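# Chains, contacts and geometry: an overview
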Amino acid sequence: MKPSALSIICACVWTLISAPANAMRDYIDVVGSSTVYAFSTVVAERFGKTSQFHTPKIESTGSGGGLKLFCQGVGMKFPDIANSSRRIKASELDLCQQNGVHEVIEILIGFDGIVLAQSKLAEHIQLTRRELYLALAKSVPNPDGSATTIDNPFITWQDINPRLPNIEIEVFGPPPTSGTRDAFSELVLDYGCHTFDWLAQMSEPQSQAQTSSREARTRKNQQRRLCRMLREDGAYIDAGENDNLVVQKLNANPNALGLLGFSFLDQNRDRIKSAKIDGFSPSFSSIANGDYPISRPLYFYVKKAHIGMIPGIEAFIREFVSDNASGESGYLPRKGMIPLSKSERQAIEYRINALHPNMHQ
């Protein structure tokens, strides 16, 4: 065989071998929130069984980690959908824009609560958001009353309030990439921090001269660091994105608490229970009506450029927001997701019909 012919044959064989890496992907790739993962996998399994499309691939990477992957670019090697237990940040949208992801569709799917879970064997605990801030913040207000902070000195819950149990503060929770952790920081740590007047006023200008946007941002950032930075001395333990692992750790250590989405509490009531927060227990009704103070919206984000490129995306979206899935009597509320109101659902359906990127850029 002539060398030139052999070269051509070898080139063709190599092309066939390497083709799958660049071939059209025939399944939907979803990344993101561990909370939404629990719902997304249920939808994906039903979608794979009842539609003409393959079952979507769902990965639990945390909201921040998923949105980072989602915003890396357009094409077969990038995810099509990002689940998130918080709204996408402006910085994440900027990353999308920089990488050519210009049209992002936001879909609000429902609501969830963040619970402080305990082992069923533990003494039931009732906490306020102020007490949680004092227990978990890296720096706390100086007990001497001065407008200064000190490294968190509290070892037991009773150190914070004599009515609380005399047990060591130990809370298992998600990593920095988690939307659950972001929401906890905003809804609990910020709130508790702002119960101290001087910290609440920290971002306000001290004089008429301090009105520049740069200075205001600087003060706000300083306040956020003080309020939201978690302890690194073992009181808060990063347990990764696996909420089932937190449930296991609580059973192994009944004195500990764990940060979880309400759906995980709902699915594991035989093994764990929840602490009361500001006088309210998490329940379907208390989250839906806004009484429970640590609740948050759940989203997923769709890359419009991938609709039509990857088979089944639009059909998967429609299944997720259908009455059968996320309506009041749907299979997702039975898994612990708090459904949208009728008017909210109508707005989402209109957006899907229009396939309209509606982001706050």
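In what follows, the accompanying structure is described. Since the model is a prediction, treat every value here as computed from it, not as a measurement. (Residues numbered from 1 in each chain as written. Predicted model: local features only at pLDDT ≥ 70, side-chain atom pairs only at ≥ 80, totals over all residues. Heavy atoms only, no water.)

### Side note on the side chain of arginine 345
Looking at the element boundaries, arginine 345 is found in helix H15 (residues 342-354). At 3.2 Å, the side chain of arginine 345 and the backbone oxygen of valine 321 are in polar contact. Those residues within four positions of arginine 345 in sequence are excluded, and the remaining contacts are Val321, Ser322, Asp323, Ser326, Gly327 and Leu340. (Helix = DSSP H or I, 4+ residues; strand = E, 2+ residues; numbered from the N terminus. Polar contact = N/O pair within 3.5 Å; in protein donor to acceptor, adjacent residues only side chain to side chain. Contact = heavy atoms within 4.5 Å.)

### Notes on the packing of helix H2 (residues 34-50) against helix H13 (residues 313-320)
Interhelical geometry of H2 versus H13 gives an angle of 120° and a closest axis separation of 10 Å. Viewed along their axes, H2 and H13 adopt a mutual orientation that is oblique. Crossing handedness for the pair H2 and H13: right-handed. Only Ala315, Phe316, Glu319 and Phe320 of H13 make contact with H2, whose side of the interface consists of Phe39, Ser40, Val43, Ala44 and Phe47. (Axes fitted to C-alpha atoms, helices over the stretch in contact; angles between N-to-C directions. Parallel < 35°, antiparallel > 145°, perpendicular 65-115°, else oblique. Left-handed = near helix turned anticlockwise from the far one by under 90°.)

### Here's the deal with the environment of asparagine 152
Topologically, asparagine 152 is positioned in the loop between strand E7 (149-151) and helix H6 (157-160). Considered as a pair, asparagine 152 and serine 139 are 13 residues apart in the sequence and their alpha carbons are 5.1 Å apart. Separated by 2.7 Å, the side chain of asparagine 152 and the backbone oxygen of alanine 137 make a polar contact.

### Description of the pairing of strand E1 (residues 29-32)
Of the two faces of E1, the one lined by Asp29 and Val31 and the one lined by Val30 and Gly32 are each fully buried. The sheet contact formed by E1 and strand E2 (residues 57-58) spans 2 bridges and is parallel. Residue pairing for E2: aspartate 29 is matched across the bridge by lysine 57. Between the parallel elements E1 and E2, the chain passes through H2 in a crossover that is right-handed. Pairing between E1 and strand E3 (residues 81-84): 3 bridges, direction parallel. By the bridge assignment for E3, valine 30 is matched with isoleucine 81. (Buried < 20%, exposed > 50% of the residue type's maximum accessible area, 1.4 Å probe, protein only. Pairing = 2+ DSSP bridges. Right-handed = clockwise from strand over helix to strand, strands pointing away.)

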